[in-house]
Amino acid sequence: MRIGIIGAGYIGGTLTRRLTALGHEVSVANSRDPETLSELASETGATAVWARDAARGADLVILSIPQKNVPDLEPGIFAARADGAPIIETNNYYPQQRDGLIAAIEDGQPESAWVSEQIGQPVVKVFNGIYWKNLLEKGKPAGTEGRIALPIAGDDAAAKVLVSDIVDQLGFDPVDAGTIADSWRQQPGTPVYGQHGTADETRTALDQATLERTAEWKAA
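Residues numbered from 1 in each chain as written. Predicted model: local features only at pLDDT ≥ 70, side-chain atom pairs only at ≥ 80, totals over all residues. Heavy atoms only, no water.

**Things to note about the overall build of the protein**
Moving on, step 1. For the protein, the helix and strand inventory stands at eight helices and eight strands.
Moving on, step 2. Taken over C-alpha atoms, the radius of gyration comes to 16 Å for the protein, in line with the 17 Å a tight globule of 220 residues would show.
Moving on, step 3. Overall, the protein is about 40 × 40 × 30 Å in size when its C-alpha atoms are taken along their principal axes.
Moving on, step 4. Buried positions account for 50% of the 220 residues belonging to the protein.
Moving on, step 5. Look at the contacts in the protein between residues 6 or more apart in sequence, and 68% of them connect residues 24 or more apart.
Moving on, step 6. Counting every atom, the protein has about 10000 Å² of accessible surface; 48% of that belongs to carbon and sulfur.
Moving on, step 7. Across the protein, 19 positive and 30 negative side-chain charges occur, with their mean positions spaced 3 Å apart. (Helix = DSSP H or I, 4+ residues; strand = E, 2+ residues; numbered from the N terminus. Rg over C-alpha atoms; globule rule 2.2 N^0.38 Å. Buried < 20%, exposed > 50% of the residue type's maximum accessible area, 1.4 Å probe, protein only. Contact = heavy atoms within 4.5 Å. Areas by Shrake-Rupley, 256 points an atom, 1.4 Å probe, with all protein chains shown as cover. Lys, Arg positive; Asp, Glu negative; His and termini not counted. Charge placed at Lys NZ, Arg CZ, Asp CG, Glu CD.)

Dropping the structure here:
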């Protein structure tokens, strides 16, 4: 599969490493010159590209950048992906720690709904609540006891099937977390965020989520 990754931080870089190891053809970009990703490209066999070219011909695109930077993406950056290719977004809103105030999210809009609105494309939310070292090291074969589960939220059933298959390939149990309107249940401060539980534990945590943003995850 051809996969474009925009963002080469902890999650984007880890997914570059894992997905190339699985045999996928990965193009990876950050906000700078592709030369700044030469070490990652040499290590993994991924192709370092400009951000505007990362989605070109991709069967799957992964957006993994700071929330505050989403509005700065080049218009039409996702237009050249393959027809129907899902866009995964791994982002989290960290108002105190990094992003500052984003009023719509503070007022209750789910973070992924805000991202989708900014880029003008539907998204699938996954990988936002797993510690990057666990994503790198803790994948296990299907059926293994204690396998970590990852919630997946999205509105397109076919996109969620493809994304669920990728999650399974990476060694994690996919758990359907509902629509993008439901995706607040896996945002920072909810029981499932950072839990690294099994599929049953993940479903229970999603059911326990409440809409109230906890103090740590509100703008100061």
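On we go.
**Comments concerning the UniProt feature "domain: Pyrroline-5-carboxylate reductase catalytic N-terminal" (unreviewed entry) in the protein**
Moving on, step 1. Within this structure's numbering, the places UniProt gives as "domain: Pyrroline-5-carboxylate reductase catalytic N-terminal" (unreviewed entry) are residues 2-92.
Moving on, step 2. Its end C-alpha atoms 25 Å apart, residues 2-92 is made of 21% helix and 21% strand. (UniProt positions renumbered as here; feature names shortened; annotations may be inferred.)

**With respect to the sheet that holds strand S1 (residues 2-6)**
Moving on, step 1. With respect to topology, six strands assemble into an open sheet ordered S3-S2-S1-S4-S5-S6, the strand pairing being parallel. The open sheet has two edge strands with one neighbour each: strand S3 (47-48) and strand S6 (124-125).
Moving on, step 2. Sheet topology places strand S2 (residues 25-29) next to S3; two bridges connect them, and they run parallel. Along S3, the bridge assignment pairs Ser27 with Thr47.
Moving on, step 3. Strands in contact with helix H1 (residues 10-21) are S1, S2 and strand S4 (60-63); relative to S1, the strand with the most contacts, it is inclined by about 165°.
Moving on, step 4. The strands touched by helix H7 (residues 157-169) are S1, S4, strand S5 (87-89) and S6; relative to S4, the strand with the most contacts, the crossing angle is about 75°. (Pairing = 2+ DSSP bridges. Axes fitted to C-alpha atoms, helices over the stretch in contact; angles between N-to-C directions.)

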